[in-house]
Amino acid sequence: MDSEMPISCQQKRCKYVDHVLDDQCPLSAYLADKYMLGEVNEGWEQVEKIYQESDREEFFASLEKLLYSTGYIH
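Description of the structure in this document. (Residues numbered from 1 in each chain as written. Predicted model: local features only at pLDDT ≥ 70, side-chain atom pairs only at ≥ 80, totals over all residues. Heavy atoms only, no water.)

### Quick notes on the side chain of Asp55
In this fold, Asp55 is placed in the loop between helix H3 (40-50) and helix H4 (56-69). With a relative accessible area of 17%, Asp55 lands in the buried category. Separated by 2.7 Å, the side chains of Asp55 and Tyr51 make a polar contact. (Helix = DSSP H or I, 4+ residues; strand = E, 2+ residues; numbered from the N terminus. Buried < 20%, exposed > 50% of the residue type's maximum accessible area, 1.4 Å probe, protein only. Polar contact = N/O pair within 3.5 Å; in protein donor to acceptor, adjacent residues only side chain to side chain.)

This is the structure in C-alpha cells:
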C-alpha cells in the first residue's frame, strides 16, 4: 500500500543513506524491471526524466550500485 511507503517515495523521490537506496522505492523497482525485460536504455531515460533533484549524480550512482549488488547488472 502506498500509505506504508516512505513519504519520499510517495513523492517519486527515493530516500537513500550512505549510498543505499530504499528497496521499496518505485524508481529502483521500475528500473530493476526494465533490466529484466532487456529495456535498460528506456528505463534509464525514464528515471532520468522523473528524478530532477539536485543530487541526481549521487542518486544515479547509488541506484546503479544497488542494481549491481542485487544482481540486475552483471
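Next comes the rest of the account.
### Considerations on the packing of H3 against H4
Relative orientation of the contacting elements H3 and H4 amounts to 145 degrees, with a least axis distance of 11 Å. Regarding H3 and H4, the two cross each other, and that crossing is right-handed. Contact residues: H3 offers Trp44, Val47 and Glu48, while H4 offers Arg56, Phe59, Phe60, Leu63, Glu64 and Leu67. Taken together, the residues of the contact of H3 with H4 break down into 6 nonpolar, no polar and 3 charged. (Axes fitted to C-alpha atoms, helices over the stretch in contact; angles between N-to-C directions. Left-handed = near helix turned anticlockwise from the far one by under 90°. Contact = heavy atoms within 4.5 Å. Nonpolar A, V, L, I, M, F, W, Y, C, P; charged D, E, K, R; others polar.)

### Quick notes on the packing of aromatic side chains
Counted according to the given criterion, the structure contains 4 aromatic pairs. Their ring planes at 85 degrees and their centres at 6.1 Å tell us that Trp44 and Phe60 sit as a pair that is edge-to-face. Placement of Trp44 in helix H3 and of Phe60 in helix H4 is noted, with a sequence separation of 16 residues between them. Comparing Trp44 with Phe60 shows no difference in burial state: the two are buried. Plain terms: the ring middles of Tyr51 and Phe59 are 3.9 Å apart, the flat faces sit at 15 degrees to each other, and that makes the pair stacked. The burial state of Tyr51 is the same as that of Phe59; both residues are buried. (Phe/Tyr/Trp six-rings, centres within 6.5 Å; stacked < 30°, edge-to-face > 60°.)

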